[in-house]
Amino acid sequence: MSGGRRIVPVDGVGTGASGHACLYVLPCAYEDHAKLGIATDPLARMQAFSPRYYTFFDLERGWLAEAGSMREARAWETRLKRELRVHAAPPPLTVPSRAAGRTEWFRGAEAALQAARATLEGEGFSVRPLRAWVAQRLHAQRDYLEAGEHAAVARFGPVDGWPSARAGRAWDILRDALDAYGALGLSLEGAVSPALRAWHARNSLSPG
């Protein structure tokens, strides 16, 4: 998987804002499936597959490699897809069709994917464990949660009057977004109001 320059991330996060393209590997948590792909914002890509991406995917086994360009990332992806052709599989039934990428799912490919990771690391490319990368992204987004809460209050009224998460999609989205912090071991204290933390505690699907 050589042929590209070794890079050092500008911001250490690898978001689309920094202009980095990433090769990502997303193993499913409860099925022998893994999604391979490229994106400038892997977090948004994971969210497209499942709003509760942090339970749908096994973040402990997942990883991403930051490339110097989209062309470089695409070359990695093309080579890996060729090597994994024998493992090609349809996506899990729970993946929404609108998420696309239906030809980039593989079954029984764990050893080959880990070998590809080791190759990239050996060549000096920046390879990030997925869980640590997601936690870093969510921590960076904590600063925006308060503004988001204020906007929601302006639209829906005081938090104490909000319905349960079962009341509609908007509330499901809010619950799932807040559940992500607990799943990654990040506290919401100081990021949102006590009222919103209480609403979240009543509606959370995460244990504890």
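Refer to the structure above for everything that follows.
First things first, this report covers the structure right here in the doc. Predicted, not measured: the structure shown is a model, and the values here were computed from it.

With respect to the helices, strands and loops of the structure, Asp-176 is situated in helix α6 (residues 169-183). Discounting chain neighbours no more than four positions away, the residues touching Asp-176 are Pro-51, Arg-52 and Tyr-54.

Attention now moves to helix α5 (residues 130-156). Helix geometry: α5 is bent most strongly at Asp-143, by close to 45 degrees. Turning to α5, its buried residues are Leu-130, Trp-133, Val-134, Ala-135, Arg-137, Leu-138, Arg-142, Leu-145, Glu-149 and Ala-152. After α5 finishes, the residue Gly-157 shows a positive phi value of roughly 95 degrees.

This part is about the packing of aromatic side chains. One pass over the structure, following the stated rule, counts 9 aromatic pairs. Between Tyr-53 and Tyr-54, the aromatic rings sit 5.0 Å apart at their centres with planes inclined by 80 degrees, giving edge-to-face as the arrangement. Look at Tyr-54 and you get buried, because its relative accessible area is 8%. Here the aromatic rings of Trp-171 and Trp-199 are separated by 6.2 Å at their centres, their planes lie at 50 degrees, and the arrangement is tilted. Here the residue Trp-171 occupies a position in helix α6, and Trp-199 occupies one in helix α7 (residues 194-203), the gap between them amounting to 28 residues. Trp-199 matches Trp-171 in its accessibility class, with the two residues each being buried. Clustering of aromatic rings is evident, with ring pairs tying together Phe-49, Phe-56, Phe-57 and Trp-105.

Another aspect to go through is the packing of α6 against α7. Closest axis-to-axis distance for the α6/α7 pair is 10 Å, and the angle between their directions is 95 degrees. Judged by the angle between their axes, α6 and α7 are roughly perpendicular. Counting all contacts with α6, which are made through Trp-171, Leu-174, Arg-175, Leu-178 and Asp-179, the residues of α7 involved are Leu-196, Trp-199, His-200 and Asn-203. Split by residue class, the contact of α6 with α7 holds 5 nonpolar, 2 polar and 2 charged.

Read across the sheet, 6 strands follow the order β4-β5-β2-β1-β3-β6 without closing on themselves; strand pairing throughout is antiparallel. Only two strands of the sheet have a single partner each, and these edge strands are β4 (88-89) and β6 (126-129). As paired elements, strand β1 (residues 21-27) and strand β2 (residues 33-39) share 6 bridges and run antiparallel to each other. When the sheet's bridge partners are listed, Tyr-24 is paired in β2 with Gly-37.

Quick look at the pattern of salt bridges now. Under the definition given, this model contains 13 salt bridges. The salt bridge partner of Glu-110 is Arg-61, with a shortest N-O separation of 2.7 Å. Of the two residues, Glu-110 sits in helix α4 (residues 110-122) while Arg-61 sits in the loop between α2 (53-56) and β3 (63-67), which places them 49 residues apart along the sequence. Of the residues examined, Glu-110 reaches a relative accessible area of 31% and is grouped as partly exposed. By relative accessible area, Arg-61 is classed as partly exposed at 29%.

Let us now look at the nonpolar core. One finds Met-46, Tyr-53, Phe-57 and Val-134 to be the most contacted residues of the largest nonpolar core, which totals 38 residues. When contributions to this core are tallied by element, the ones reaching two or more residues are β1, α1 (42-49), α2, α5, α6 and α7. Ranked by the residues each element gives to this core, the list is headed by α5, at 7 residues. Leaving out residues up to four positions away in the same chain, Val-134 has contacts with Leu-43, Met-46, Tyr-53 and Leu-184. The next biggest cluster of nonpolar side chains, apart from the first, holds 20 residues, and it includes Val-25, Ala-34, Leu-36 and Leu-84.

Further remarks concern the pairing of β3. Of all 5 residues making up β3, 5 are buried, and the element is well covered by its neighbours. Judged by which residues are buried, β3 turns out to be covered on both faces: Trp-63, Ala-65 and Ala-67 on one side and Leu-64 and Glu-66 on the other are all buried. The sheet contact formed by β3 and β6 spans 4 bridges and is antiparallel. If you follow Glu-66 over to β6, its bridge partner there is Ser-126.

Rules used in this analysis
Residues numbered from 1 in each chain as written. Predicted model: local features only at pLDDT ≥ 70, side-chain atom pairs only at ≥ 80, totals over all residues. Heavy atoms only, no water. Helix = DSSP H or I, 4+ residues; strand = E, 2+ residues; numbered from the N terminus. Contact = heavy atoms within 4.5 Å. Bend = angle between axes of the 7 residues up to and from the residue. Buried < 20%, exposed > 50% of the residue type's maximum accessible area, 1.4 Å probe, protein only. Phe/Tyr/Trp six-rings, centres within 6.5 Å; stacked < 30°, edge-to-face > 60°. Axes fitted to C-alpha atoms, helices over the stretch in contact; angles between N-to-C directions. Parallel < 35°, antiparallel > 145°, perpendicular 65-115°, else oblique. Nonpolar A, V, L, I, M, F, W, Y, C, P; charged D, E, K, R; others polar. Pairing = 2+ DSSP bridges. Salt bridge = Lys/Arg side-chain N within 4 Å of Asp/Glu carboxyl O. Core = buried A, V, L, I, M, F, W, Y, C linked by side-chain atoms within 4.5 Å.

None of the figures reported here should be taken as evidence of function without further support.
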